[in-house]
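# Descriptive analysis of the structure
What follows is each chain in one-letter form.
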Amino acid sequence: MPLLRRRDLLQRSASALLTAALTLTGLPSLAQTGGHPGIELTQLSTERGDDGLLLSYTVRLELSKDVEDALYKGVAVVFVAEAELFKSRWYWYDKPKVRIVRRWRLAYQPLTRHWRLSFDGLSRSYNTLNEALGVMRRSSQWRISDNVSGEDDHYVIFSFRLDTDELPRPMQIGLGGQNDWNLAVQRRITVTQGR
């Protein structure tokens, strides 16, 4: 898994062990207690079209209280969607072909009480946090490659995450083991044979 960091793997393993331990002891896990903030990839698909390889996704994204508090205090956060296309090879490592990244910068404007979302050098204001998050939660027909030959086996590794490296340095130091800031999801999807 080229995009997952060792820290992410350790945190996910610890979370899985905690859930297993809670299940064995009969205590409810965080997911069962209802509404724990986090991130989940609910839909991911690829399609070969006239414009090339297109990717569509939908993410369920719920911010934790810590992240919302930081936003209301004027700290901007950056979310990243990344898609990397690979060609499968039986004789060697899979060949990376394309890597596409989208970045959104979300900030609260206390004077106007609006949310500002910046993407590709363009900014737009929203009345509520939910409206601003809705723009990032889904994308349809995102072109990630111009052409993919039909006879080759390809797959895409897609990830969506809160980029904690973009936070102010003093905040990064204190985030070590805080799961509230660990908003990330990743999935591999095979490119279906098509046109």
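Residues numbered from 1 in each chain as written. Predicted model: local features only at pLDDT ≥ 70, side-chain atom pairs only at ≥ 80, totals over all residues. Heavy atoms only, no water.

## Re the pairing of strand 1 (residues 38-49)
Examined bridge by bridge, strand 1 and strand 2 (residues 52-62) share 11 bridges and lie antiparallel to one another. Residue pairing for strand 2: Leu-44 is matched across the bridge by Tyr-57. Connecting strand 1 to the next strand, strand 2, in antiparallel fashion are two residues. (Pairing = 2+ DSSP bridges. Helix = DSSP H or I, 4+ residues; strand = E, 2+ residues; numbered from the N terminus.)

## Some thoughts on the side chain of Asp-163
Position of Asp-163 among the secondary structure elements: in the loop between strand 8 (154-162) and helix 4 (169-173). Given the relative accessible area of 7%, Asp-163 is considered buried. Within the local environment of Asp-163, its side chain forms a polar contact with the side chain of Arg-103, the two groups lying 3.0 Å apart. Those residues in contact with Asp-163 that sit more than four places away from it in its chain are Val-78, Val-80 and Arg-103. (Buried < 20%, exposed > 50% of the residue type's maximum accessible area, 1.4 Å probe, protein only. Polar contact = N/O pair within 3.5 Å; in protein donor to acceptor, adjacent residues only side chain to side chain. Contact = heavy atoms within 4.5 Å.)

## Focus on a nonpolar patch on the surface
The grouping of Trp-90, Tyr-91, Trp-92 and Tyr-93 at the surface amounts to a nonpolar patch, some 700 Å² of accessible area in total. Counting through the fold element by element, Tyr-93 comes out in the loop between strand 3 (77-87) and strand 4 (95-109). The exposure class assigned to Tyr-93 is exposed, which follows from its relative accessible area of 65%. (Patch = residues over 30% accessible without salt bridge, like charges linked within 9 Å, V, L, I, M, F, W, Y side chains within 5 Å. Areas by Shrake-Rupley, 256 points an atom, 1.4 Å probe, with all protein chains shown as cover. Salt bridge = Lys/Arg side-chain N within 4 Å of Asp/Glu carboxyl O.)

## Points about the nonpolar core
Ranked by size, the top nonpolar core spans 40 residues in total, and within it Tyr-57, Phe-79, Leu-106, Phe-158 and Phe-160 carry the most contacts. Once residues within four sequence positions are removed from consideration, Phe-160 is found in contact with Ile-39, Tyr-57, Val-59, Leu-61, Phe-79, Val-80, Ala-81, Trp-104, Met-136, Leu-183, Ala-184 and Val-185. (Core = buried A, V, L, I, M, F, W, Y, C linked by side-chain atoms within 4.5 Å.)

## A closer look at the sheet that holds strand 7 (residues 138-145)
Each strand in a sheet pairs with its neighbour through backbone hydrogen bonds, running either in the same direction (parallel) or in the opposite one (antiparallel). Read across the open sheet, the three strands follow the order 1-2-7; overall the sheet is antiparallel. Sheet topology places strand 1 and strand 7 at the edges, where each strand pairs with a single neighbour. Strand-to-strand twist in this sheet, taken as the mean axis angle between neighbours without regard to direction, amounts to 25°. The strands touched by helix 3 (residues 129-137) are strand 2 and strand 7; relative to strand 2, the strand with the most contacts, the crossing angle is about 145°. (Axes fitted to C-alpha atoms, helices over the stretch in contact; angles between N-to-C directions.)

## Digging into the packing of aromatic side chains
To describe a pair of aromatic rings, you give the distance between the ring centres and the angle between the ring planes. Tallied over the entire structure, the rule returns 12 aromatic pairs. On the basis of an interplanar angle of 25° and a centroid distance of 6.1 Å, the ring pair of Phe-79 and Phe-160 is categorised as stacked. Within this pair, whereas Phe-79 is found in strand 3, its partner Phe-160 is found in strand 8, the two being separated by 81 residues in sequence. The two residues Phe-79 and Phe-160 agree in class, both being buried. Centre to centre, the rings of Trp-90 and Tyr-91 are 5.7 Å apart; their planes meet at 80°, and the pair counts as edge-to-face. This pair shows no difference in class: Trp-90 is exposed, exactly as Tyr-91 is. Within the aromatic cluster, the residues linked to one another by ring pairs are Tyr-57, Phe-79, Trp-104, Phe-119, Trp-142, Phe-158 and Phe-160. (Phe/Tyr/Trp six-rings, centres within 6.5 Å; stacked < 30°, edge-to-face > 60°.)

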